[in-house]
Each structure stands twice: as C-alpha cells, then as structure tokens.
Amino acid sequence: MRNRWRAAAAAAAVALSLVARPAAAGQPARAAAPQAAAAEGCDVLAPGASAAAEKAVRTACSQIGVWYSWGGGHGPAPGPTYGTVDPTDPASAHDPQRRGFDCSGLVRYAYAEATGRDILNGTAHSQYTTPYATARFGASDGTGPLVPGDLLVWGSARKVHHVALYLGAGRMVEARQSGTRVTVSDVRTGGDFFGAVRVGGSPGQGTFSTWGTDVWTHVEPSTTSARVHRFAGPTSVRVECQKHAQSVTAEGITNDAWSYLPDHRAWITNIYLKGPAWLDGVPTCR
C-alpha cells in the first residue's frame with residue numbers, strides 16, 4: 001500500500017511540474033498539460049473568431065502556469081525570456097530570474113504562433129494601436145460584441161498599460177503582474193478598462209504612416225484646441241475620415257485638411273501623414 005501511495009504521489013508531482021515550473025534557461029516554455037488548461041477553463045469559449053484568433057487563444061492557454069516576468073517575451077524572437085526589475089513594483093525583484101512573459105509579451109507570442117509572423121512586437125499601447133486592427137470597441141460596449149482572440153486593454157488613449165486575450169463568456173487569459181503566473185481571469189470592465197481591438201493577419205483599411213517628430217494630435221481639427229497625443233516619431237495610424245478645417249502651415253507646407261484618428265479619438269493635420277494633401281480612399285467626415 002505504501003509503495004502504491006508513493007507512486008501516486010510521484011505521478012501527481014510530475015503533472016504539477018508540467019504546469020507550474022518555468023522552463024530552464026535556453027529551453028522553450030513548457031506548455032501546460034491539456035488537463036490543466038481545461039481545469040483553468042482556458043480555451044475558445046464562444047463562436048465567431050477567425051482561425052488565427054482561435055489559434056492565438058490556444059497558444060496563450062498553453063502557457064498557463066508560466067511566470068509573469070516584467071519585460072518577458074520581448075526578445076529578438078517571440079517567446080518567453082527572462083525579465084527585468086520594474087522600478088515601480090517591489091514584487092518584480094525576482095523577475096530577472098523568472099523566464100516568462102509580461103502582458104504584451106504573451107500577446108505577441110500568441111499571435112506570432114497563430115499567424116506565422118511577428119505582427120504584435122511592442123508594448124501594450126502599440127499593440128492596441130496596431131495597423132493590423134480590423135475592429136475596435138470602447139469600454140461602453142462591454143464584452144457583448146467581442147469574440148475570442150480580441151485584445152482587451154486598460155489605460156487611456158494616451159497610454160494603454162495592460163493587455164489580455166479574450167476567451168469568450170466573460171473570461172480572459174493574461175499575464176497580469178509580477179509574482180503571479182499566466183492565468184485565466186474574469187474580464188475586469190471597471191476601473192480604467194478602455195476597450196478592445198480585433199486583430200487580423202494584414203493591415204486594416206485606412207492605415208497610414210505619420211512622419212516628423214514630436215507631432216501632436218488635437219481634440220478638434222485645430223492647432224488651438226487641446227492636445228491629445230504626441231507621436232515622438234513616425235508611426236502607423238488608422239484614419240477614419242478627413243475634413244477641411246483650419247488651414248495650417250508647417251514644414252514649409254500649407255494644408256487645411258485634417259484626419260480623424262479613431263484609435264486616439266483625436267485629429268491630426270494631413271501635413272504629417274504620408275500621402276497627398278487629401279488622402280486617397282478616405283471618406284469625408286460627416
């Protein structure tokens with residue numbers, strides 16, 4: 001009887017190590033055992049997602065039990081890495097010894113595995129403003145219109161600071177904070193929940209590149225209105241529509257066309273968008 005008990009205990013310990021133990025240095029993160037992921041409720045929990053989005057969800061779910069590590073997942077290639085210390089979070093003191101993901105590192109890895117391309121290499125904020133967005137939803141939309149694989153974000157138009165993958169049924173998979181592991185949670189729609197973005201395998205319609213440095217967007221199509229967001233350098237932005245408004249002279253160019261950027265809820269003069277003075281294929285704002 002004692003030998004039988006020891007064998008059972010050893011088997012249980014091996015199963016637990018497959019879920020909870022981080023991978024050794026130089027080795028890929030060990031996927032959670034299917035039974036463990038199922039126990040966590042981590043899977044595609046609703047219909048409507050694309051095949052790539054479903055694969056992204058299941059890739060993230062395979063990492064259940066891997067350590068959160070601040071800066072983890074942002075190496076030259078997608079995948080778990082050792083993190084760094086977050087100077088604002090004492091709980092991150094051991095992150096340089098923990099091989100895993102931070103929130104955006106996990107999302108990057110999930111979609112790289114799903115699409116075969118590193119389309120979300122960056123911070124949570126750059127993932128939210130990605131040119132690969134095919135649909136966006138505000139906090140007031142809740143989870144009703146969402147499908148598995150949508151990126152849930154927290155923060156503001158100026159700075160998104162957290163991202164997670166929606167599973168469906170009000171659940172999500174996330175790398176939340178130092179001292180924890182990749183896990184399944186209920187969607188937190190309170191606080192500074194900002195909304196969600198749906199990602200496709202190719203850039204969405206109406207995507208343009210800015211140029212210049214320290215370019216500001218504004219609440220209204222006027223340089224005298226309040227500033228909203230500063231582009232430190234060239235970046236991809238999605239344009240919803242354009243209109244004629246205040247005439248602006250900058251960089252030796254004069255133009256009265258302004259474009260509305262729905263992801264920033266702000267306006268930018270077309271002077272700082274690459275393309276003609278009046279953008280091709282972009283509708284007039286009504």
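My aim in this report is to walk through the structure given alongside it, one point at a time. Note that the structure is predicted; figures quoted are calculated from it, not measured.

1. Regarding the state of the cysteines
Counted according to the given criterion, the structure contains two disulfides. Paired by a disulfide, Cys-42 and Cys-61 hold their sulfur atoms 2.0 Å apart. In this structure, the disulfide formed by Cys-42 and Cys-61 twists by about -85° around the S-S bond and is classed as left-handed. Here Cys-42 is found in the loop between α2 (34-40) and α3 (51-61), whereas its partner Cys-61 is found in helix α3, with 19 residues between them in sequence. According to the relative accessible area criterion, Cys-61 is buried, its value standing at 4%. Sulfur-sulfur distance for the disulfide between Cys-241 and Cys-285 comes to 2.0 Å. Between Cys-241 and Cys-285, the S-S dihedral sits near 95°, and the bridge is therefore right-handed. Residue Cys-241 is located in strand β14 (residues 241-250), and its partner Cys-285 is located in the segment after β16 (266-269); the two are separated by 44 residues in the primary sequence. You can call Cys-241 buried: its relative accessible area is 10%.

2. Some details on the nonpolar core
A general feature of soluble globular proteins is that nonpolar side chains tend to end up buried together. Grouped together as the largest cluster of nonpolar side chains are 40 residues, with contacts concentrated most on Tyr-111, Leu-151, Leu-165 and Val-173. Elements represented by at least two residues in this core include exactly α3, α4 (103-115), α5 (124-128), β5 (151-155), β6 (160-168) and β9 (193-199). By residue number, the principal contributor to this core is α4, which donates seven residues. Not counting residues up to four positions away in its chain, the partners in contact with Tyr-111 are Ala-53, Ala-56, Gly-116, Arg-117, Ile-119, Leu-120, Gly-149, Leu-151, Leu-165 and Val-199. Trp-258, Leu-261, Leu-273 and Cys-285 belong to the second largest nonpolar core, which has 18 residues in total.

The rules behind the values
- Residues numbered from 1 in each chain as written.
- Predicted model: local features only at pLDDT ≥ 70, side-chain atom pairs only at ≥ 80, totals over all residues.
- Heavy atoms only, no water.
- Disulfide = S-S within 2.5 Å.
- Helix = DSSP H or I, 4+ residues; strand = E, 2+ residues; numbered from the N terminus.
- Buried < 20%, exposed > 50% of the residue type's maximum accessible area, 1.4 Å probe, protein only.
- Core = buried A, V, L, I, M, F, W, Y, C linked by side-chain atoms within 4.5 Å.
- Contact = heavy atoms within 4.5 Å.

The values are spatial; any link to function lies outside them.
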